[in-house]
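# Observations on the model geometry
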Amino acid sequence: MKALYKKQLIILLCLISLLAGCSQVEITGRKQFNIVPDSTMNSMSFQNYGEFLTQHRVITNTSQAQMVKRVGARIQNAVEQYCSQNGIQDKLNGYDWEFNLVDDPNVNAWCMPGGKVVVYTGLLPVTQNEAGLAVVMGHEIAHAFAKHGAERMSQGLLVEMGGIALSTAMKDQPEQTKNLFMTSYGIGAQVGVLLPYSRTHESEADHLGLVFMAMAGYDPHEAVTFWQRMAAANQGSKPLELLSTHPSDTTRIKQIQNLLPEAMTYYKPQ
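Here we summarise the structure given alongside this text.

Turning our attention to the packing of helix α10 (residues 222-234) against helix α11 (residues 249-264). Packing of α10 against α11 leaves a shortest axis separation of 10 Å and a crossing angle of 175°. Viewed along their axes, α10 and α11 adopt a mutual orientation that is roughly antiparallel. Residues A223, V224, W227, Q228, M230, A231 and N234 of α10 form the contact with α11, whose own contacting residues are D249, R252, I253, I256, Q257 and L260. Among the residues making up the contact of α10 with α11, the classes are represented as eight nonpolar, three polar and two charged.

What follows is the structure, encoded as C-alpha cells:
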C-alpha cells in the first residue's frame, strides 16, 4: 500500500512539474518541459567546459582554429540578431560565447549552455569548408538556444533520479548529476529512456540551425550536401534509426529539404 501511495505521489508531482515547467521553443513553437533554471545550467556548463578544455589539447593559431572561431562568431551574431528582432534578448542572458577546436579524431561537436562550443578535428574532413562547418555549429548552437539539454536534464531528474530537485541532486549525488548533465549535451550519450526526445531535439536543432546559418550568410543548401557526405562516411557503420539518437541520414536529408524554402527567407549572403 505504501509503495502504491509513493508511486501515485511521484506521478502527481511529475504532473505538477509538467504544468509548471512548460515553455515554448522559438521558431518551431514546440512546447517543452523544463524545470532547471538557466543560471544553474550556465554555472554547470562553465565549470564542465573548463574541465573539458584542461583535459584535451586545444588547437590555437592555425587556419582551422581561426575558421572555427570565425564561423562561431558569425552564427553568434545571427542568434543575437534573431533575438533582437523578436524582442527576446533575455534568452541570451548569462551567455559567454566561446569557440574552441580540440585535437580529437572523433567526428563530433557540441555546444553547452551559455554558448560554450567545441569542435573536434575529426569533424573537419567531413565538413570540408566553412559552410559545411556552419551546418554543424548552427545545429549544435541551436541545441543550446532551444534549451534541449535543460529539457533532457529535467526529464532525467524525474525519470532517472526519482524526481528530486536539482539542488539536492548536486549536493547528494554530484557524480550522477554531472553524468546526467554531460549526457544531456551529447557528451558520452548512450541509448536510454530519453531516446525518443533526443530524436525530436535533433530534428528541431536542424530546423533552428538552418535559420541561424542562413542569417549568418551561409547557404542552407549546404546542409543537404553535408549530410550526404555524412551518409557516405557512415555507410555500413550507422546504427538503425530506432537505436540512434539521431534521425537516419535519409530521414534527415528529406526533412532538411522540406525546410529549405523557409530557411532561404532568412538567407543573407555575405
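Don't stop here, the text continues.
Across all of its chains, the model carries 11 salt bridges by this definition. Salt-bridge contacts for E202 lead to R252; the nearest nitrogen and oxygen are separated by 3.1 Å. Residue E202 is located in helix α9 (residues 195-215), and its partner R252 is located in helix α11; the two are separated by 50 residues in the primary sequence. Taken individually, E202 and R252 each receive the classification buried, so the pair is uniform in this respect. Note that R229 is salt-bridged to E222, the shortest N-O span being 3.2 Å. The same class applies to R229 as to E222, namely buried. If you follow the salt bridges from partner to partner, you end up with R30, E151 and E204 in one network.

About the cut-offs
- Residues numbered from 1 in each chain as written.
- Predicted model: local features only at pLDDT ≥ 70, side-chain atom pairs only at ≥ 80, totals over all residues.
- Heavy atoms only, no water.
- Axes fitted to C-alpha atoms, helices over the stretch in contact; angles between N-to-C directions.
- Helix = DSSP H or I, 4+ residues; strand = E, 2+ residues; numbered from the N terminus.
- Parallel < 35°, antiparallel > 145°, perpendicular 65-115°, else oblique.
- Contact = heavy atoms within 4.5 Å.
- Nonpolar A, V, L, I, M, F, W, Y, C, P; charged D, E, K, R; others polar.
- Salt bridge = Lys/Arg side-chain N within 4 Å of Asp/Glu carboxyl O.
- Buried < 20%, exposed > 50% of the residue type's maximum accessible area, 1.4 Å probe, protein only.

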